[in-house]
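Commentary on secondary and tertiary structure
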Amino acid sequence: KNQVEQSPQSLIILEGKNCTLQCNYTVSPFSNLRWYKQDTGRGPVSLTIMTFSENTKSNGRYTATLDADTKQSSLHITASQLSDSASYICVVTGNTGKLIFGQGTTLQVKP
Amino acid sequence: DTEVTQTPKHLVMGMTNKKSLKCEQHMGHRAMYWYKQKAKKPPELMFVYSYEKLSINESVPSRFSPECPNSSLLNLHLHALQPEDSALYLCASSQGPGVPYEQYFGPGTRLTVT
């Protein structure tokens, strides 16, 4: 069964600290993996997208990694800001084009 | 213009009402999507329109009726909804259907059924 699992479910960090979110997937065949940021009550916004051949992609303070062999991805946030408080969703696309969503990690950045 | 817009932002309706949600994009995208998202859950796909034709219906109850009047507009008509249909309804669009095309999401409509 095609699944995407994220950990931790929620995370609280202090402003300025770094954190890493994890995503494991069983989707096969695999086309690409995206990390989305979703503010409460808003639509998801894409942060990074990686295909099979890419193993790292950066977008400002966000850096995503992908290990297609172990089917694992991570999202590293550097020097966190209060505005980083949101849900972060790992989304994997299989060969049908349908998006398979993880349950998300809720990040709270405290001052 | 690189955004997907949705109206209204919030909607409260009774179980006997008929209402519609509207989604619009001017990026020339030919695929449009409706998703339903419950609190603290990921979005669930409801419908996909490809080149203005309904291509996927994820076994959605008939009280939800999608419509694609043209390539820029997508509506979701609501009738006789249940309280459990209360959720955030997200619209998305992509350049085309299928794998290589990224989906861009709108801000959503928060629906409350009383």
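Conventions adopted
- Residues numbered from 1 in each chain as written.
- Chains lettered and ligands numbered in written order.
- Predicted model: local features only at pLDDT ≥ 70, side-chain atom pairs only at ≥ 80, totals over all residues.
- Heavy atoms only, no water.
- Pairing = 2+ DSSP bridges.
- Helix = DSSP H or I, 4+ residues; strand = E, 2+ residues; numbered from the N terminus.
- Axes fitted to C-alpha atoms, helices over the stretch in contact; angles between N-to-C directions.
- Contact = heavy atoms within 4.5 Å.
- Salt bridge = Lys/Arg side-chain N within 4 Å of Asp/Glu carboxyl O.
- Nonpolar A, V, L, I, M, F, W, Y, C, P; charged D, E, K, R; others polar.
- Disulfide = S-S within 2.5 Å.
- Buried < 20%, exposed > 50% of the residue type's maximum accessible area, 1.4 Å probe, protein only.
- Polar contact = N/O pair within 3.5 Å; in protein donor to acceptor, adjacent residues only side chain to side chain.
- pLDDT = per-residue confidence, 0-100.
- Phe/Tyr/Trp six-rings, centres within 6.5 Å; stacked < 30°, edge-to-face > 60°.

Here we look at the sheet that holds strand β7 (residues 64-70) of chain B
All names here are of chain B. Spatially, the 4 strands line up as an open sheet ordered β1-β3-β8-β7, and their pairing is antiparallel. The sheet is open, and its two borders are formed by β1 (4-7) and β7, each paired with just one other strand. On average, each strand axis in the sheet is tilted by 20° relative to the strand beside it, whichever way the strands run. Two elements, β1 and strand β3 (residues 18-25), share 4 bridges in a ladder whose sense is antiparallel. Bridge pairing in β3 links T7 to K22.

Some points on the interface of chain A and chain B
Counting from both sides, the interface comprises 21 residues of chain A and, opposite them, 19 residues of chain B. Between the two partners, chain A and chain B, sit 1 salt bridge. Secondary structure elements with two or more residues in the side of chain A that touches chain B: β4 (30-38), β9 (86-94) and β10 (99-101) of chain A. At 5 residues, the largest contribution of residues to the side of chain A that touches chain B is made by β4 of chain A. When grouped by side-chain class, the residues that make up the side of chain A that touches chain B number 5 nonpolar, 13 polar and 3 charged.

So, the state of the cysteines
Residues and elements named next belong to chain B. This model, assessed by the stated rule, comprises 2 disulfides over all chains. Residue pairing for C23: its cysteine sulfur links by disulfide to C91, the two sulfurs lying 1.9 Å apart. Disulfide C23-C91: the torsion about the S-S bond is -70°, which places it as left-handed. One end of the pair, C23, is in strand β3; the other, C91, is in strand β9 (residues 87-94), with 68 residues separating them in the sequence. The two residues C23 and C91 agree in class, both being buried.

Concerning the environment of T65 of chain A
Residues and elements named next belong to chain A. Tracing the chain through its elements places T65 in strand β7 (residues 62-67). Sequence separation of T65 and H76 is 11 residues, and the distance between their C-alpha atoms is 8.3 Å. The contact partners of T65, leaving out residues within four places of it in the chain, are M50, N55, T56, Q72, S73 and S74. A distance of 2.5 Å separates a polar atom in the side chain of T65 from a polar atom in the side chain of S74.

A closer look at the confidence of the model for chain A
For chain A, the average pLDDT comes to 94, and 100% of its residues sit at 70 or higher. Model confidence for chain A, summarised as mean pLDDT per element, is weakest for β10 of chain A at 91 and strongest for strand β8 (residues 72-77) of chain A at 98.

Points about the packing of aromatic side chains
Geometry of an aromatic ring pair is reported as the spacing of the ring centres plus the angle between the planes. Summed over all chains, the structure comprises 7 aromatic pairs over all chains. Taken together, a centroid distance of 5.8 Å and an interplanar angle of 80° make the contact between F101 of chain A and Y35 of chain B edge-to-face. Placement of F101 of chain A in strand β10 and of Y35 of chain B in strand β4 (residues 31-37) is noted, with the two residues assigned to different chains. Across the pair, Y35 of chain B and F101 of chain A agree in class, each one buried. A centroid spacing of 5.9 Å and a plane angle of 35° characterise the contact between F64 of chain B and Y89 of chain B, whose relative ring orientation is tilted. On the criterion of sequence distance, the pair formed by F64 of chain B in strand β7 and Y89 of chain B in strand β9 is long-range, its members being 25 residues apart.

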